[in-house]
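# Structural features, examined
Single-letter residue listing:
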Amino acid sequence: MKNQRWETKPLDCWQLAKEIRRNYDKAIAGRDSVLGQGNTSFTIDWQAAFPAIRVVEDNPVGAMMAAQDEAFARRARLASEVRGWGREICGYHNTCWGAQFLGYTADGKPFPERQFTVPFPCVCDSHIKRGQQCRDYKPIARWTNDFTMYIGERDEKREEAMLDHRNFNTLKQLNEMETVFGQKLDDETLFELARNCRLLKQYRADVSYFMTFTPAPLSVKDLYSFFQLGSLAKIGPELAVKFWKTLRDEVEWRVRNKIAAVGSERFRWIEAHPPSWHFLKYYRYMEQYGAVCLGSQYTHFSQSQLERKPDGSIDDREYPVYSPDMELTTREDVVRFMTGPDARAPHHFKIDEYLRPFALNEFADIFAADGALFGLWRAGVGCTLTRKEQAMRLRQAGYSVMCYEGAQSGDRVDLDEKRMLEQLDTWMESLGLQKLDE
Amino acid sequence: MLIAGIDMGIENTKAVIMKDGGIIGRSIVSTGGIDRPEQARRVYDEALNAAGIDAGDIKNVTATGKGKYDIPFASGVVSETIAASRAARFYFPEASGVMSVGADETIAVTLGDERLIREYALNQKCAAGIGTFLKYLAMRLELTETQAGNCDGPDAGAINEGCVVFSELDALSLLNNGAPGEAIMSSAIKAAAARAATVYNDLTIPPAGRVVIMGGLAKNRAFAGALEKYLTFEFLNCENPEYCGAVGAALSGVKD
């Protein structure tokens, strides 16, 4: 192949990923006698320890609606807006909950009404509103996750107290769910979930680490395809572990044999947050320049956290009140295992920007990036707060940065696709890069 | 060597013919209408006629501008930022920056030493169309292009500098209140300059003086003066700044 610098080949584990996706409906069948919504399982998919409770995420549901059927998504957002939920609300939510107000989903089936909600707050956008729309619509149970978030100098005693508060509330939530829904949480299953989660976290951390190598063995498009498997997609813990172990081993093999995701790799860039899901083709467009996206805070920080150690090496981030090897013998242990990494929320891709202003500089350094591409969003996941400051810090450190405008990841209305591609051309040409087929 | 550049902007399409580093023919036509390829052909033919040569003698025809992909006979395209930067170095080899303000787009560039461009900034969507806004406001105020370009006197009061929709509303309110057209135009030009200055201020590493101004609004003396006041330095001015994009495109067609 012309201009190929590295050998490349498709991932073998794609087949397993596709199989998991095909079996998704089967995996969750019968589990939705009680259907809730919320962001509950970035760490442990605790719902699986209940006999018949299922939690769905409004983020992927809303994103999927917007990406697959824009006409329906517009109707849904309008239905939400006329009820007073403005466009400063996350587009995912307005689409998902607009469908609730309409009463049907894109395929015409009745909207599956929620029976409880577990929202969590995010400092940068409207996720604290998560769950309010469905609770306002109909009186349902609501529990809220807290973040151990504060600003200023690190105070470990304060973190410990905040984690105690959060652990208490999480235990209370699980106990109350048993009472409200008349289902018993199976602690043995919960322990197994936690042990699997421990494996998953390590495999994901390894995959992240392998992506620091040149050539990158995966691109962000692979990560976006896989990172839901085992976290938000509720596919079952054993299958998730199997998949990530397979992926991890294959990616390590690719690194050892210098198998690239993009055979013409000559420019590496990072992002901060999710892209416009309907317009992922810009990743392929950039490959024409030999440019590969290594991922974002969103993809890597949701999965693992790497940091540069004082001796210059790269390794997993360490936490003051958490260890991945902590003992798990009680329900409370599991809850502490779930919440521990949230101490002052250093891993969270949104909050990180407030607490560690140079987080993206470290990210770019660790992943040997040449530049960064930032979307300037109106609101929602990856809204514009701090984005320009991050761009400035990266530029001052010698990285090339491009910003483009859009509404939100799940709202295509304000993204000028043609303009964005032209801006990408300008970005690449300004760096002296031409399309490789020209 | 004979080379050509065509800059198809939102308002006008410009073409230049260059020979051995000099411009030997140029032409400009309005871009309007639906048949952009035909407009490109027309402006190109006019530039060839002005140069007194045949199309067959031209080695490269490079296109730039918003309509660059609507020029079927172009042998290549180059982004507007690259074209503007090349033109700046062509006119002023010692230049360290570019400020290009056209009908639609505002570009600020810090030129580099090892690389042509060290850093660049483009206007955000809500800051697009500065040139078009001033053109149509001048028409509404019944001012010629030259008259509008001289409106650097007392203004009629501040008008919105964040969005042309609100700027126009403010301008029309001033008009309804009896303010003179020249004073309203002065207000609008200052607002437009303030908005353009924000693009320059987006540069993390601004140029060290020696900034070339180009694009259609570089011809507007009042606008360029207002922008200089905001940026607190004087621009390097080139002859026929509206052709700079086409010149830069022509030069981009030549391999270094």
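Everything discussed here concerns the structure shown above.
The rules behind the values
Residues numbered from 1 in each chain as written. Chains lettered and ligands numbered in written order. Predicted model: local features only at pLDDT ≥ 70, side-chain atom pairs only at ≥ 80, totals over all residues. Heavy atoms only, no water. Axes fitted to C-alpha atoms, helices over the stretch in contact; angles between N-to-C directions. Helix = DSSP H or I, 4+ residues; strand = E, 2+ residues; numbered from the N terminus. Parallel < 35°, antiparallel > 145°, perpendicular 65-115°, else oblique. Left-handed = near helix turned anticlockwise from the far one by under 90°. Contact = heavy atoms within 4.5 Å. Nonpolar A, V, L, I, M, F, W, Y, C, P; charged D, E, K, R; others polar. Core = buried A, V, L, I, M, F, W, Y, C linked by side-chain atoms within 4.5 Å. Buried < 20%, exposed > 50% of the residue type's maximum accessible area, 1.4 Å probe, protein only. Phe/Tyr/Trp six-rings, centres within 6.5 Å; stacked < 30°, edge-to-face > 60°. Pairing = 2+ DSSP bridges. Expected span 1.5 Å × (residues − 1). Salt bridge = Lys/Arg side-chain N within 4 Å of Asp/Glu carboxyl O.

## A closer look at the packing of helix α1 (residues 14-22) of chain A against helix α10 (residues 237-256) of chain A
Residues and elements named next belong to chain A.
- Their axes nearest at 10 Å, the elements α1 and α10 cross at an angle of 160 degrees. Classified by the interaxial angle, the pair formed by α1 and α10 is roughly antiparallel. Seen along the crossing, α1 lies across α10 with a hand that is left-handed. The segment α1 lies against α10, with Leu16, Ala17 and Ile20 engaging Leu239, Lys242, Phe243 and Thr246.
- Within the contact of α1 with α10, the residues separate by chemical class into five nonpolar, one polar and one charged.

## Focus: the nonpolar core
- Counting 51 residues, the largest nonpolar core has Trp269, Tyr282, Leu373, Leu424, Trp427 and Met428 of chain A as its most contacted members.
- If we skip the residues at most four places from it in the chain, Trp427 of chain A touches Phe267, Trp269, Met286, Gly371, Ala372, Leu373, Ser400, Val401 and Met402 of chain A together with Tyr120 of chain B.
- One finds Leu143, Ile189, Leu217 and Ala218 of chain B within the second-largest nonpolar core, a separate group that totals 41 residues.

## Describing the packing of aromatic side chains
Residues and elements named next belong to chain A.
- Per the stated rule, a full pass over the model turns up 29 aromatic pairs over all chains.
- Between Tyr224 and Tyr298, the ring centres sit 6.3 Å apart and the planes meet at 45 degrees, which makes this aromatic pair tilted. Of the two residues, Tyr224 is situated in helix α9 (residues 220-226) and Tyr298 in helix α12 (residues 297-303); the sequence distance between them amounts to 74 residues. Of the two residues, Tyr224 and Tyr298, neither departs from the other in class, the shared state being buried.
- A network of ring pairs unites the aromatic residues Tyr224, Phe267, Trp269, Trp277, Phe279, Tyr282, Tyr283, Tyr298, Trp377, Tyr404 and Trp427 as a single cluster.

## Overview of the sheet that holds strand β12 (residues 400-405) of chain A
All names here are of chain A.
- The strand order across the open sheet formed by four strands is β8-β7-β11-β12, and the pairing between neighbours is parallel. Only two strands of the sheet have a single neighbouring strand rather than two, namely β8 (291-296) and β12. Across the sheet, the mean angle separating the axes of adjacent strands is 25 degrees when strand polarity is ignored.
- With six bridges joining them, strand β11 (residues 371-376) and β12 adopt parallel strand pairing. In the strand pairing of β12, Ala372 is matched with Val401.

## As for the pairing of strand β7 (residues 267-271) of chain A
Residues and elements named next belong to chain A.
- Within β7, five of the five residues are buried, which leaves the element mostly enclosed by the surrounding structure.
- Burial along β7 is two-sided: the face carrying Phe267, Trp269 and Glu271 and the face carrying Arg268 and Ile270 are both buried.
- Looking at chain direction, β7 and β11 are connected through two bridges and run parallel. Paired with Ile270 across the strands is Ala372, a residue of β11.

## As for the environment of Val98 of chain B
- Here Val98 of chain B is to be found in strand β6 (residues 97-101).
- Contacts of Val98 of chain B, omitting those with residues within four sequence positions, involve Ala84, Ser85, Ala88, Ile107, Ala108, Val109, Leu111, Val211, Val212 and Met214 of chain B.

## What to know about helix α5 (residues 91-102) of chain A
Residues and elements named next belong to chain A.
- With 12 residues, α5 ought to run about 16 Å at 1.5 Å a step, and its terminal C-alpha atoms sit 16 Å apart, in line with that.
- Within α5, the full set of buried residues consists of Gly91, Tyr92, His93, Asn94, Thr95, Cys96, Trp97, Gly98, Ala99, Gln100 and Phe101.
- Buried residues along α5 sit in contact with β2 (34-38), α3 (58-68), α4 (70-81) and α6 (132-137).
- Looking one or two residues beyond α5, the residue adopting positive phi is Gly103, at roughly 95 degrees.

## As for the sheet that holds strand β5 (residues 76-77) of chain B
All names here are of chain B.
- The strand order across the open sheet formed by five strands is β3-β2-β1-β4-β5, and the pairing between neighbours is mixed. Strands with a single pairing partner mark the edges of an open sheet, and in this sheet they are β3 (22-30) and β5.
- Judged from the five bridges that link them, strand β1 (residues 2-8) and strand β4 (residues 60-64) form a sheet pairing that is parallel. Bridge pairing links Asp7 to Thr64 in β4.
- Against the sheet, helix α1 (residues 36-51) contacts β1, β2 (12-19), β3 and β4, and its axis sits at roughly 145 degrees relative to β3.

## Observations concerning the pattern of salt bridges
- Applying the stated criterion to the full structure yields 38 salt bridges over all chains.
- Among the salt bridges present, the one from Glu307 of chain A reaches Lys309 of chain A, with a minimum N-O distance of 2.7 Å. The residues Glu307 of chain A and Lys309 of chain A share a single accessibility class, namely buried.
- Here Lys66 of chain B and Glu80 of chain B are joined by a salt bridge, their closest N and O atoms 3.5 Å apart. One end of the pair, Lys66 of chain B, is in the loop between β4 and β5; the other, Glu80 of chain B, is in helix α2 (residues 80-91), and 14 residues separate them in sequence.

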